[in-house]
Structures are given as structure tokens and as C-alpha cells.
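Read off the chains here:
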Amino acid sequence: MRKPRADVIVVGAGVSGLTTAVCLAEAGRSVRVVARKGPAETSSAAAGAMWGPYMVSDARVEPWSLESLLVFEGLADVPGTGVALVSGIEASRTPIVPPTWTARVRDFAVCAPEEMPDGFVSGWRSTIPVIDMTLYLAYLGRRLAESGVAVEEYRVRSLDDPALDAPVVVNCSGIGARQLVPDRSLVPIRGHLVVVANPGIEEFFADHEDNPAQMAYILPQGERVVLGGSAERGKTGLTVDRAVTDGILARCQAINPKLTGARVLASRVGIRPNRDRIRLEATLMGGRRLIHNYGHGGSGVSLSWGCAREVLALAGG
Ligand SMILES: Cc1cc2nc3c(=O)[nH]c(=O)nc-3n(C[C@H](O)[C@H](O)[C@H](O)COP(=O)(O)OP(=O)(O)OC[C@H]3O[C@@H](n4cnc5c(N)ncnc54)[C@H](O)[C@@H]3O)c2cc1C
């Protein structure tokens, strides 16, 4: 940790920490990033990921996610980012009204009944960013490196750790904030995904479903398809639960029979950091400005650019 004093130290190297660090560094601030685990071992690396506000309830979510949508749409044109614009359907087994943010997504159209899988009664078609998180986190790392910033492995024991020697500290520790802050209102919601060889699926499908037992989504990413999902409140273990992944496969195969017999390549587990309200605010601690940016639930990727830019504003431009 003995390094030249930086303007800002970002704690965390998931999508929130890396995006925040990119915004700060590209605005000319000298930045250090410290993290207990590097990008490839974070919950962010386990995410699907599709753009869309989900599993968060906070009025600021829509503007932050729409700001991020514009950035991701731009990144889809940049080779090597892992971001692609994919068309597909989000549908529900019960009648639903499309959320207000659908007014801003590309190619929006309400689905005709025959367009939806059996059992689904309402839904819409759109083109949204689908993000390969392995490639995307690596891209953010390269972009940071271009500003001379590397991720330093360091476990922060408390937010007044003297090693956090900078006038501004940004806390992007995800579920780690539960101990670090400490913040007991932050609840872990574990999620599983299954990655299979792509049997020829080009469109995404997402079940607009509040019941975790029914959750299903299908995200084509080139030669692979990411299948979700699960939402197990209070669970933190990162060992793959075979019963959960079998359930994901069965639900997705029922929705799209092309997936039947698809070769399973991997399973992933991550922890969504859930909070009633995302914590994005500046406080003072021991003469330093401490900015929290955590608690993004199931939408941390979708919110990442909007939240990072707000941190930049709180950090003084
Ligand atoms: C299965 C699954 C699917 C998902 N799908 C989507 C999706 O489709 N779209 C979407 O937008 N979102 C999705 N999410 C949600 C998204 O992954 C999270 O909201 C997001 O990853 C949170 O990012 P983060 O950077 O805040 O936290 P994390 O990725 O958990 O990163 C936290 C960082 O803080 C570090 N840290 C923690 N404690 C300390 C400490 N004491 N000292 C130093 N460092 C510390 C960690 O090591 C890590 O580097 C999904 C999540 C899961 C689990």
C-alpha cells in the first residue's frame, strides 16, 4: 500500500469500482484502486448481464440506468468491449404494463400473443445491451491501465484504515460493505447462472417475473448462451448448487426447446448486494470525503455509468 498519495482511492474492483475509477481517472484525478479480490473474482464477473433496472427499488434508478444505457449503446460499436446490442423479448405469465423506461429502449414494440413462448400472456420486444462480463471487466481494466491505474490487492479492515491515504475515498465494496461500513441493511441475494454452448439462439428472452422460483432468462453471447437465474435471499456461499442449476436448465429449456441437450460449459454463482435504497452519498470521515457507491442489487451493471458519474460530481468534478 505504500504508493504516492492519490487524489482518490476507490475500494472495490467490481463493475462499480472499475467504472467509478475510469470516470475519475479520465477526468484527470489521480486514482488508486484497492480490492480484496480482483475483477475476475467479483460478483460482477458472475453477472449475466443484460441491461435493465431489476431487483432495485429507488427513484434514482431510472435516470442512472438510462444514462448507462447510452454509454453501453456506444460501447457496442467498440470492438473488444464484450457489449453487444441484442434483440429479444421480455414477457410475463400475468398481464403487465411495460415499465416507463421501455419508452427509451431501441425497437420497442408490444408483442403479439403468437410471438411469446407458451404460457406467456404479455410482453414487449426491444434491442438492449447484453454484456459479456469476462470481456467487459477486462476492457474496463485496460481502460484504467491507459490512465496508469492498476488494481492493488488489499483487504480494507475499516473505512478509517490509515492506508486509505487520500482526501477522497470511494466505497464500491458491493456486499463487502455489510462488514466494512458496517451496513446490516445490505442483504445478500445469491444468484446462479449456467453457461451452455449456443445451439443457434440469436435473440434474448427474459421472464419478467417477481417470483424467484420461476426466474428464467436466456442471453446469447456469441458461441455461448448464459441461462439464468435464481435469487436466494440471505445465502452467501459460492459453491454451485446443482439443484438450482438443474432448475435453471429445465425452465429455460421449457421456454426455448433448442436448449434441450445443449452442452453445459460452466456454472456461475454471485452475490447481489441488495438494499432498499442504493447508497450513493458523500459523508465526512476523519477529514476525508467518503463517498459510498454500493447496494445496486440485481442492476449493478445497468446502473454503473450513471452512478459512477454521480460519484465524480460528488468528488468535486
Ligand atoms: C447471477 C447474477 C446475475 C446478475 N445479472 C445482472 C444483469 O443481468 N444486469 C445487471 O445490471 N446486474 C446483474 N447482476 C447484479 C450485478 O452483478 C451487481 O449489482 C454488481 O456486480 C455489483 O457490483 P459491485 O462492483 O458493486 O460489487 P462486486 O462486483 O461484488 O465488487 C465488490 C468489490 O469490492 C471488494 N471488496 C469487498 N470488501 C472489501 C474490503 N473489505 N476490502 C477491499 N476490497 C473489498 C471486492 O473484493 C470486489 O472487488 C447480477 C448478479 C448476479 C449474482
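It should be noted that the structure appears before, not after, this text.
Residues numbered from 1 in each chain as written. Predicted model: local features only at pLDDT ≥ 70, side-chain atom pairs only at ≥ 80, totals over all residues.

Whenever I open this one, the overall build of the chain confuses me. Can you help?
Tallying secondary structure elements over the chain gives seven helices and 15 strands in all. Considering only C-alpha atoms, the chain reaches an extent of 60 × 35 × 35 Å along its principal axes. Expressed as a percentage of the 317 residues in the chain, the buried residues total 49%. For the chain, long-range pairs separated by at least 24 residues make up 75% of all intrachain contacts whose partners lie at least 6 apart in sequence. (Helix = DSSP H or I, 4+ residues; strand = E, 2+ residues; numbered from the N terminus. Buried ≥ 20, exposed ≤ 12 C-beta atoms within 10 Å, placed from the backbone. Contact = placed C-beta atoms within 7 Å.)

Whenever I open this one, the sheet that holds strand 15 (residues 288–294) confuses me. Can you help?
Within a sheet, adjacent strands bond to each other through the backbone by hydrogen bonds, running parallel or antiparallel. Overall, mixed pairing links the six strands, which are arranged 6-2-1-7-15-14 in an open sheet. Each of the sheet's edge strands pairs with one partner strand only, and the pair in question is strand 6 (151–153) and strand 14 (279–285). Neighbouring strand axes in the sheet, compared pairwise and without regard to direction, differ in orientation by 25° on average. Alignment of strand 1 (residues 8–11) against strand 7 (residues 168–171), held across four bridges, turns out to be parallel. Its bridge partner being in strand 7, Val10 is matched across the sheet by Val170. (Pairing = 2+ DSSP bridges. Axes fitted to C-alpha atoms, helices over the stretch in contact; angles between N-to-C directions.)

In this structure, what is going on with the site of the ligand? I would like to understand it.
Near the ligand lie 42 residues; those nearest to it are Gly14, Gly174, Gly176, Gly191 and Gly300. Where the shell around the ligand is concerned, the elements lending two or more residues are helix 1 (15–26), strand 2 (31–35), helix 2 (43–46), strand 8 (187–197), strand 13 (264–274) and helix 7 (300–314). Per-element tally for the shell around the ligand: the top contributor is strand 13, with four residues. The class makeup of the residues in the shell around the ligand is 18 nonpolar, 20 polar and four charged. (Near = placed C-beta within 6 Å. Nonpolar A, V, L, I, M, F, W, Y, C, P; charged D, E, K, R; others polar.)

I keep staring at the environment of Leu144 and nothing clicks. Help me out?
Among the structural elements, Leu144 can be located in helix 4 (residues 133–146). Spatially, the C-alpha atoms of Leu144 and Leu18 are 7.7 Å apart, while their sequence positions differ by 126 residues. Excluding anything up to four places from it in sequence, Leu144 contacts Leu18, Ala21, Val22, Ala25 and Val149.

Explain helix 6 (residues 242–255) here, please?
Note on helix geometry: an α-helix contains 3.6 residues per turn, so any two residues three or four positions apart are oriented the same way. Relative to the 20 Å expected for 14 residues at 1.5 Å per residue, helix 6 spans 20 Å between its end C-alpha atoms, a close match to the ideal helical length. Along helix 6, the residues classified as buried are Val244, Ile248, Arg251, Cys252 and Ile255. Looking straight down helix 6, one finds its buried side chains confined to an arc of 95°; they lie on one side. Turned more than 90 degrees off the buried face of helix 6, the exposed positions are Arg242, Ala243 and Asp246. Considering only its buried residues, helix 6 is in contact with strand 8, strand 9 (204–207), strand 10 (217–221) and strand 11 (224–228). (Expected span 1.5 Å × (residues − 1). Arc of directions from axis to C-beta.)

Would you mind going over the pairing of strand 11 with me for this structure?
Across a regular strand the side chains alternate sides, sitting on one face of the sheet and then on the other. Of all five residues in strand 11, four are buried; the element is thus mostly enclosed. Where strand 10 folds back onto strand 11 in an antiparallel hairpin, the turn is made up of two residues, including Gly222, whose phi is positive at roughly 65°.

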